[in-house]
Protein chains: 2
Amino acid sequence: MTDYTPPAVWTWDTENGGKFASTNRPIAGPTHDKTLPVGEHPYQLYSLATPNGVKVTVLFEELIEAGHDFDYDAWLINIGEGDQFGSGFVEANPNSKIPALVDRSGDAPVRIFESAAIMLTLAERYGAFLGKPEDRPEMLSWLFWQMGSAPFLGGGFGHFYAYAPEKLEYPINRYAMEAKRQLDVLNRHLEGRDWMAGDSYTIADMAIWSWYGQLVLGRLYDAAEFLDVASYANVVRWAEAIDARPAVKRGRMVNRAFGEPELQLHERHSASDFETNTEDKRAAE
Amino acid sequence: MTDYTPPAVWTWDTENGGKFASTNRPIAGPTHDKTLPVGEHPYQLYSLATPNGVKVTVLFEELIEAGHDFDYDAWLINIGEGDQFGSGFVEANPNSKIPALVDRSGDAPVRIFESAAIMLTLAERYGAFLGKPEDRPEMLSWLFWQMGSAPFLGGGFGHFYAYAPEKLEYPINRYAMEAKRQLDVLNRHLEGRDWMAGDSYTIADMAIWSWYGQLVLGRLYDAAEFLDVASYANVVRWAEAIDARPAVKRGRMVNRAFGEPELQLHERHSASDFETNTEDKRAAE
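Because the structure is a prediction, the values reported are computed rather than measured.

Colleague: Help me understand the relation of the copies chain B and chain A in this model?
Modeller: Between the two copies of the chain lies a rotation about an axis combined with a shift along it. When chain B is fitted to chain A, the best match, at an RMSD of 0.0 Å, comes from turning it 180° and sliding it 0.0 Å along the axis. Overall, the copies show the geometry of a two-fold rotation axis. When each C-alpha of chain B is compared by its distance to the rotation axis, Gly148 of chain B comes out closest, at 2.7 Å. Both copies contact each other with a shared surface, as 100% of the interface residues of chain B are interface residues in chain A too.

This is how it looks when you write it as structure tokens:
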């Protein structure tokens, strides 16, 4: 037990924060002037290959794989260096979080932020990965489930288990319990099912895979043993099926600036970018 | 600092949990058999007047106020008594959270869960409160923003500030900072604007109002002074405008089983239910 008593009015102590102290602030808005780069394609994505970023690049690659005729530029937003607080990024997403999309296919640029809002907008535009019309309520339920649930996994469990400056027992227990409950929700739902909604692969699968699929594949927070992810066998089976898709493999690489060097494609401007060895590219820069 | 070291594999300690210990579990699925009641209207809502519940009842009441010809039954789910773990509720929402909707207007019942999925489904069905087509990307961005942000306010700030069994300084600071950042995002966006997206009141306003509007109106967590909510003047102005709407007043009452007795309408089966004094009703039960 602690004997901490909160003050009457909270004030900002800039010493307190842990690994992401420099990226967490109690105020919004830009910290510096910086224009976003603009490429030649109709869609300009500003992102990083965290689970929220990967959702959108997986969908972009799936749409292209399925033959939809468009292309996109994906620019790296380095959140550790505060790129999300540049004036251009804040204009694209006033919430200063990746991913942000600027759609330049029309007369004037249109911003879209929040990963699932971007996904739903693109899927509706191309009439793809939405499932059958009669499955739309179930698809939307799971798409929104992911958005409301993952903050407990990422901002809750991941933060307190992996990133906070001290290991606090109560928050770790709270969020480990919730992460396991969420995995069990998915595991029960996927019993005898191939996909989250209806009988086809939808944006709900992509969104949930990016967080919970990658969690059971052992890629998040070094927590596979702690959460006993292997016990959620239906989730593992479903996650492996999605992970094997060529578009998913490409989507994971886009805007990746951490982890295995061979998976890192810092920026993407063409389908041929995946063919170039990224280590050679970096050496040439 | 603590000297806590997490175990290799997390296990369930049923002693740990705080105010909501009985409602937090590391497993999904039903704990008991219980069929859900079914009324005579096409929509059957199973909910509680927390911010996530109020979003949907506000939308239902706004649709009816706007003249759309349908009605709904709203049944109380008492989460303190574990109603969300009954077999019927779990069938309607495998995530065991309120609200859950069962649409009985078609040949077979269709479930929809997650508050914003319910809102988007209803708004699209009636073509109402969606804003102009050209504002859809902005409206969806804010609708999803609410879903991804409020877990930091409710499950984060509210839990550690108001409900956790001990006051922990680091989590309270972490989530107070984020709650204030989110309020500042809204305050900057609402500078010179009446509504969140475009020039009309949409489901994004309803969803964000239910959490952040009610927060600045002093209704959540007794935290108005701590978070200095009055300093977010644009949010307060916008919140008061929404709060004055007759449909919002009614929506707040539906499935309310806590707080001021005169605001409590435990169940709603007809528009005339609001005319009955609820204290008289309870006395007559």
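From this point, things continue past the structure.
Colleague: Looking at this structure, how should I read empty space enclosed by the protein?
Modeller: One water molecule sets the probe size; rolling that probe over the atoms shows where empty space is left. Throughout the structure, instances matching the rule amount to two cavities of 30 Å³ or more. Here the second largest cavity is characterised by a volume of approximately 40 Å³. Every residue lining the second largest cavity is listed: Pro151, Phe152, Gly155, Gly156 and Tyr175 of chain A together with Pro151, Phe152 and Tyr175 of chain B. Contributions of two or more residues to the lining of the second largest cavity are made by helix H4 (136–163) of chain A together with helix H4 (136–163) of chain B. At four residues, the largest contribution of residues to the lining of the second largest cavity is made by H4 of chain A. Of the residues contributing to the lining of the second largest cavity, the split by class is six nonpolar, two polar and no charged.

Colleague: What am I meant to see in the packing of H4 of chain B against helix H6 (residues 203–216) of chain B here?
Modeller: Helix packing geometry: the angle between the two helix axes and the distance between the axes. Residues and elements named next belong to chain B. It is at 8 Å that the axes of H4 and H6 come closest, and there the two elements cross at 25°. By the criterion of interaxial angle, the relationship of H4 to H6 is roughly parallel. Read as a crossing pair, H4 and H6 show a hand that is left-handed. Here Met139, Trp142, Leu143, Trp145, Gln146, Ser149, Ala150, Leu153 and Gly154 of H4 lie close against H6, whose contacting residues are Ile203, Ala204, Ala207, Ile208, Trp211, Tyr212 and Leu215. Partitioning the contact of H4 with H6 into residue classes produces 13 nonpolar, three polar and no charged.

Colleague: Please explain the pattern of salt bridges as it appears in this structure.
Modeller: Note that side chains of opposite charge can pair when their charged atoms are close. Scanning the entire structure with this criterion turns up 28 salt bridges over all chains. The salt bridge partner of Arg125 of chain A is Asp103 of chain A, with a shortest N-O separation of 2.7 Å. Of this pair, Arg125 of chain A sits in helix H3 (residues 115–126) while Asp103 of chain A sits in strand S3 (residues 100–103), and the two are 22 residues apart along the sequence. On the basis of relative accessible area, Arg125 of chain A is assigned to the partly exposed category, the value being 41%. Put simply, Glu61 of chain B and Arg250 of chain B hold a salt bridge, and the shortest N to O gap is 2.8 Å. With Glu61 of chain B in helix H1 (residues 51–65) and Arg250 of chain B in helix H8 (residues 246–253), the pair connects residues that are 189 residues apart, well separated along the chain. Comparing Glu61 of chain B with Arg250 of chain B shows no difference in burial state: the two are buried.

Colleague: When you look at the interface of chain B and chain A in this model, what are you seeing that I'm missing?
Modeller: One frequent convention defines the size of an interface as the accessible area lost when the parts assemble. Contacts between the two partners involve 72 residues from chain B and, on the opposite side, 72 residues from chain A. Across the chain B/chain A interface, buried area totals approximately 6,900 Å², and carbon plus sulfur atoms make up 62% of it. Along the contact surface separating chain B from chain A lie four salt bridges. Glu138 of chain A is the partner of Arg111 of chain B in a salt bridge, and the nearest nitrogen-oxygen pair spans 2.7 Å. The interface formed by chain B and chain A holds 31 residue pairs in polar contact (both at pLDDT 80 or more) in total. Counting only elements with at least two residues in the side of chain B that touches chain A, the list comes to strand S4 (110–113), helix H3 (115–126), H4 and helix H5 (169–189) of chain B. Among the elements that take part in the side of chain B that touches chain A, H4 of chain B stands out by supplying 18 residues, more than any other. Looking at side-chain class alone, the side of chain B that touches chain A contains 40 nonpolar, 15 polar and 17 charged residues.

Conventions used here
Residues numbered from 1 in each chain as written. Chains lettered and ligands numbered in written order. Predicted model: local features only at pLDDT ≥ 70, side-chain atom pairs only at ≥ 80, totals over all residues. Heavy atoms only, no water. Least-squares fit on C-alpha atoms with pLDDT ≥ 70 in both. Contact = heavy atoms within 4.5 Å. 1 Å grid on protein atoms, 1.4 Å probe; cavity = no way out; pocket = protein on both sides within 12 Å on 5 of 7 lines; lining within 4 Å. Points joined across faces, edges and corners; volume = space filled by probe spheres on them. Helix = DSSP H or I, 4+ residues; strand = E, 2+ residues; numbered from the N terminus. Nonpolar A, V, L, I, M, F, W, Y, C, P; charged D, E, K, R; others polar. Axes fitted to C-alpha atoms, helices over the stretch in contact; angles between N-to-C directions. Parallel < 35°, antiparallel > 145°, perpendicular 65-115°, else oblique. Left-handed = near helix turned anticlockwise from the far one by under 90°. Salt bridge = Lys/Arg side-chain N within 4 Å of Asp/Glu carboxyl O. Buried < 20%, exposed > 50% of the residue type's maximum accessible area, 1.4 Å probe, protein only. Buried area = accessible area lost by both parts, 1.4 Å probe. Polar contact = N/O pair within 3.5 Å; in protein donor to acceptor, adjacent residues only side chain to side chain.

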